[in-house]
Amino acid sequence: MKKIILSIFLTGLFFSPALLMGQITASTPTDNLYQNPGIVDRVPMPLPSVRRADVMWSKRIWREIDFRQKMNNVFYFPTIPQQNWKSFITVILDALKQGKITAYDISNTDELLVPITYNEIIARQTDTIHKTLRRTYAPFDQYDTTIITEFDPTQVMRLRLKEDWYFDSKLSEMLVRIEAFCPVMLKEHNGQQVPVPLFWVSYADARKVLARALAFNPANSSMRLSFDDIFIKRLFESYIYKEQNIFDRRINDYATGANAIRESNRIKTQMFNFEQYLWQY
């Protein structure tokens, strides 16, 4: 009797579903030098407080970051998320979907006025085209078809920043505060790439999300930087496309080509000289 019971037990063990399906019952192996909990618990660095009485000079600047520049590749890659490593637009879209941050509709003044939902953003970038085509085989009759082009996050290749530069008389230092950012998508239109701004997000509202989103560090994989670190430390290349002016116009409204580049550099140099001319050496 004992032999029969032992035989049945061994037979059931041999033909168990786990073995038949080739499943591994052992714990998941560590794919790293150390165990990675998969959770990044970081707190944004506190920004210096600003008193109105201490701000003796300020100017609002709009600048644009092009992800295709080598220094800015950290915003664009990876195109496929990997563990705690996502592209900038993926981090923002995931936060919008989960309700962690609020997006605002594009306006002529770039103000954060009208909130917009994640579904509305995706719906606006989903193109539906109705076409009438002709079959390439007999009887060569016509038929109607619908072509749907879904939103592709990899086409987001630029980022606009709205920031305030100010001189703090208490600290005797020129400082900058990023107020908001706007992802920009490049779409093909008549053989040319046309920039399409998607939405604005308050930088202060998104700091908690950005501080927990790690970016690639080419120098040291053990010291990963967050996107908040990249903004605070100004680890990106950008150019000025607008300064606050009485006409509320951008540089490309009155200058093009090389003249637009020189105008952008002039604004940058003007702000630098303002701080330098305050001191006597």
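Before any of the text, the structure's been laid out above.
What comes next is a walk through the structure.

**Topic: the pattern of salt bridges**
- Scanning the entire structure with this criterion turns up 16 salt bridges.
- For the salt bridge of Arg-266 with Glu-243, the shortest nitrogen-to-oxygen distance reads 3.5 Å. Of this pair, Arg-266 sits in helix H8 (residues 258-276) while Glu-243 sits in strand S12 (residues 239-243), placing them 23 residues apart in sequence.
- The class for Arg-266 is partly exposed, based on a relative accessible area of 37%.
- The class of Glu-243 is buried, set by a relative accessible area of 13%.
- Put simply, Lys-59, Glu-243, Glu-263 and Arg-266 are held in one network by salt bridges that share partners.

**As for the pairing of strand S6 (residues 156-168)**
- Within S6, 13 of the 13 residues are buried, which leaves the element mostly enclosed by the surrounding structure.
- In this structure, strand S1 (residues 55-66) lies alongside S6, joined through 11 bridges in antiparallel fashion. By the bridge assignment for S6, Asp-66 is matched with Arg-158.
- Sheet analysis places S6 next to strand S7 (residues 173-189), joined by 12 bridges and oriented antiparallel. Residue Phe-167 lies in a different strand from S7, and its bridge partner there is Met-174.
- Hairpin connection from S6 to S7: four residues lie between these consecutive antiparallel strands, with Ser-172 at a positive phi of about 55°.

**Quick look at the packing of aromatic side chains**
- Within the structure shown, the criterion is met by 12 aromatic pairs.
- With a centroid separation of 5.4 Å and an interplanar angle of 80°, the aromatic rings of Phe-88 and Phe-227 are classed as edge-to-face. In this pair, Phe-88 sits in helix H4 (residues 88-97) while Phe-227 sits in helix H7 (residues 227-232), placing the two residues 139 residues apart along the sequence. Considered together, Phe-88 and Phe-227 belong to a single accessibility category, that of buried residues.
- Here the guanidinium or amino end of Lys-242 rests over the ring plane of Trp-62, the centre of that ring lying 4.3 Å away.

**Thoughts on unusual backbone geometry**
- Looking along the chain, the bond that leaves Phe-77 and enters Pro-78 is cis, with omega of 0°.
- Along the polypeptide, Pro-78 turns up in the loop between helix H3 (73-76) and H4.

**Structural notes on helix H6 (residues 203-211)**
- Considered for burial, the residues of H6 that qualify are Tyr-203, Ala-206, Arg-207, Val-209, Leu-210 and Ala-211.
- Turning to H6, the residues buried within the fold contact H4, S7, strand S9 (200-202), strand S11 (225-226) and H7.

**Concerning the environment of Met-185**
- Secondary-structure assignment places Met-185 in strand S7.
- We classify Met-185 as buried; its relative accessible area is 5%.
- Between the C-alpha atom of Met-185 and that of Pro-197, which follows or precedes it by 12 residues, the distance is 6.1 Å.
- Non-local contacts of Met-185, meaning those with residues more than four positions away in its chain, are made with Gln-125, Phe-151, Asp-152, Gln-155, Val-156, Val-194, Pro-195, Val-196 and Leu-198.

**Concerning H4**
- By the criterion of burial, H4 is predominantly enclosed, with eight of the 10 residues buried.
- Buried within H4 are the following residues: Phe-88, Ile-89, Thr-90, Val-91, Ile-92, Leu-93, Ala-95 and Leu-96.
- Gly-99 sits one or two residues past H4 and shows a positive phi near 75°.

Cut-offs and rules
Residues numbered from 1 in each chain as written. Predicted model: local features only at pLDDT ≥ 70, side-chain atom pairs only at ≥ 80, totals over all residues. Heavy atoms only, no water. Salt bridge = Lys/Arg side-chain N within 4 Å of Asp/Glu carboxyl O. Helix = DSSP H or I, 4+ residues; strand = E, 2+ residues; numbered from the N terminus. Buried < 20%, exposed > 50% of the residue type's maximum accessible area, 1.4 Å probe, protein only. Pairing = 2+ DSSP bridges. Phe/Tyr/Trp six-rings, centres within 6.5 Å; stacked < 30°, edge-to-face > 60°. Lys NZ or Arg CZ within 6 Å of the ring centre and 35° of its normal. Contact = heavy atoms within 4.5 Å.

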